[in-house]
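The lines below spell out each chain.
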Amino acid sequence: MEIVKNEADNARTLMKTKLFLGILLLILISGCVYPQIEAGNPSEYEFPGLTNTTIFYLNDSSVQVVENVVNKTSVDFIIDGNPDTYFRNPVAVDYSGKNVSFNASMGPVLGKNYIEMNFSSPFSGWVAYTQPGGGEFIYTITKNDTIRVVLPLNYTATSKFLGVIQPPPDNITQDASGREVIIWEKPNPDNGTITVKYQLKEAPTLLFYFFLLLFIFFIFVMGYYMWNINELKKKRILMEKDVRKKF
């Protein structure tokens, strides 16, 4: 009788354990059933044909990311923000320039926002998407591919007063459109993050003229103040003279 009771207790414990593991597994994989993301238009992106490279095209209010993919059936992204905002208009283009269809889905996995692009067969080419940006670019290095950051036209990050580039890049050049291009050749993920602060090339000149106008305004105010002081002194002297004449 006692043996039957122990077996029943063991069976209940086993069922509870299986139920707990099932719930835990469901929580862990719940992010795999994601809402779908609508694909974008490849004509909105630039594909320069560089392999083993991730390119960030910076604009006034957004960043277009173009990443090389080699022989993969799926590509995963961890997004530092709301996936609806940080992963917009995704596209995939193969090496021949043909648009390739895919399924993109999103959801949370272990506290992080996770994006998955799935292809029907092994894919080689480029994937691209759009995220917010403007003024300052920060990227967490996750792999040892070449990183290229393309600034907006007429912007620079090399200003001695306002520009910031960390870690130091391997090269800074210009593309055919005259945009400043900052390049890191296979940066070590141990470096942590890449940071680029950029501004208009005319910003130092505009800043100089701003301080010049500020200085001129200061001189004007000081001159007006000194003139008023002198006028008050003159009036005081005249008043003192009038008082002395009366006495």
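Residues numbered from 1 in each chain as written. Predicted model: local features only at pLDDT ≥ 70, side-chain atom pairs only at ≥ 80, totals over all residues. Heavy atoms only, no water.

### Section: the overall build of the protein
In step 1: Helix and strand counts for the protein come out as three helices and 13 strands.
In step 2: A total of 247 residues make up the protein; the buried ones form 30% of that total.
In step 3: The contacts of the protein with a sequence gap of at least 6 include a subset with a gap of at least 24, amounting to 75%.
In step 4: A total accessible area of about 16,500 Å² is found for the protein, and carbon and sulfur atoms account for 59% of it. (Helix = DSSP H or I, 4+ residues; strand = E, 2+ residues; numbered from the N terminus. Buried < 20%, exposed > 50% of the residue type's maximum accessible area, 1.4 Å probe, protein only. Contact = heavy atoms within 4.5 Å. Areas by Shrake-Rupley, 256 points an atom, 1.4 Å probe, with all protein chains shown as cover.)

### Examining the nonpolar core
In step 1: Counting 35 residues, the largest nonpolar core has F56, F77, F119, F137, V149, L151 and V196 as its most contacted members.
In step 2: Listing elements by their share of this core, those giving two or more residues are β1 (53-58), β2 (62-79), β4 (103-109), β5 (112-132), β6 (136-140), β7 (146-150), β11 (180-184) and β12 (193-197).
In step 3: Leave out the neighbours within four places in its chain, and F119 touches K72, T73, S74, V75, A92, V100, S101, F102 and V127.
In step 4: Judged by nonpolar contacts, the second largest core, of ten residues, contains I55, V150, V181 and I183. (Core = buried A, V, L, I, M, F, W, Y, C linked by side-chain atoms within 4.5 Å.)

### With respect to the side chain of T130
In step 1: Position of T130 relative to the elements: it lies in strand β5.
In step 2: Of the residues examined, T130 reaches a relative accessible area of 6% and is grouped as buried.
In step 3: For T130, the side chain forms a polar contact with the side chain of Y45, separated by 2.8 Å. (Polar contact = N/O pair within 3.5 Å; in protein donor to acceptor, adjacent residues only side chain to side chain.)

### Section: the sheet that holds strand β9 (residues 164-166)
In step 1: Strands sit in the order β6-β12-β9 across an open sheet of three strands; the sheet is antiparallel. Strands with a single pairing partner mark the edges of an open sheet, and in this sheet they are β6 and β9. Recorded for the sheet is a direction-independent mean angle of 10° between the axes of neighbouring strands.
In step 2: Judged from the five bridges that link them, β6 and β12 form a sheet pairing that is antiparallel. Pairing of E136 across the sheet is with K197, part of β12. (Pairing = 2+ DSSP bridges. Axes fitted to C-alpha atoms, helices over the stretch in contact; angles between N-to-C directions.)

### Quick notes on the confidence of the model for the protein
In step 1: Per-residue confidence for the protein gives a mean pLDDT of 78; residues scoring 70 or more make up 71%.
In step 2: Counting interchain partners and residues more than four positions distant, the pLDDT-below-50 stretch residues 1-6 has zero contacts.
In step 3: Taken together, the stretch residues 23-34 has pLDDT below 50 and engages in ten contacts with residues farther than four places along the chain or on a different chain. (pLDDT = per-residue confidence, 0-100.)

### Here we look at the packing of aromatic side chains
In step 1: Applying the stated criterion across every chain yields a total of ten aromatic pairs.
In step 2: Aromatic pair F77 and Y129: ring centres 5.2 Å apart, planes at 65°, arrangement edge-to-face. Of the two residues, F77 sits in strand β2 while Y129 sits in strand β5, which places them 52 residues apart along the sequence. Comparing F77 with Y129 shows no difference in burial state: the two are buried.
In step 3: Plain terms: the ring middles of Y155 and Y198 are 5.9 Å apart, the flat faces sit at 70° to each other, and that makes the pair edge-to-face. Of this pair, Y155 sits in strand β8 (residues 155-156) while Y198 sits in the loop between β12 and β13 (199-200), and the two are 43 residues apart along the sequence.
In step 4: When its relative accessible area of 7% is taken as the criterion, Y198 is described as buried.
In step 5: By way of ring pairs, the aromatic residues F56, F137 and Y139 are connected into one cluster. (Phe/Tyr/Trp six-rings, centres within 6.5 Å; stacked < 30°, edge-to-face > 60°.)

### A word on the layout of surface pockets
In step 1: One number sums up the size of the largest pocket: a volume of about 860 Å³.
In step 2: The wall of the largest pocket is formed by 33 residues, among which I78, D80, Y129, Y139 and T140 lie closest to the centre.
In step 3: Within the residue set of the lining of the largest pocket, elements represented by two or more residues are β1, β2, β5 and β6.
In step 4: Here the lining of the largest pocket takes twelve residues from β2, the largest share from any one element. (1 Å grid on protein atoms, 1.4 Å probe; cavity = no way out; pocket = protein on both sides within 12 Å on 5 of 7 lines; lining within 4 Å. Points joined across faces, edges and corners; volume = space filled by probe spheres on them.)

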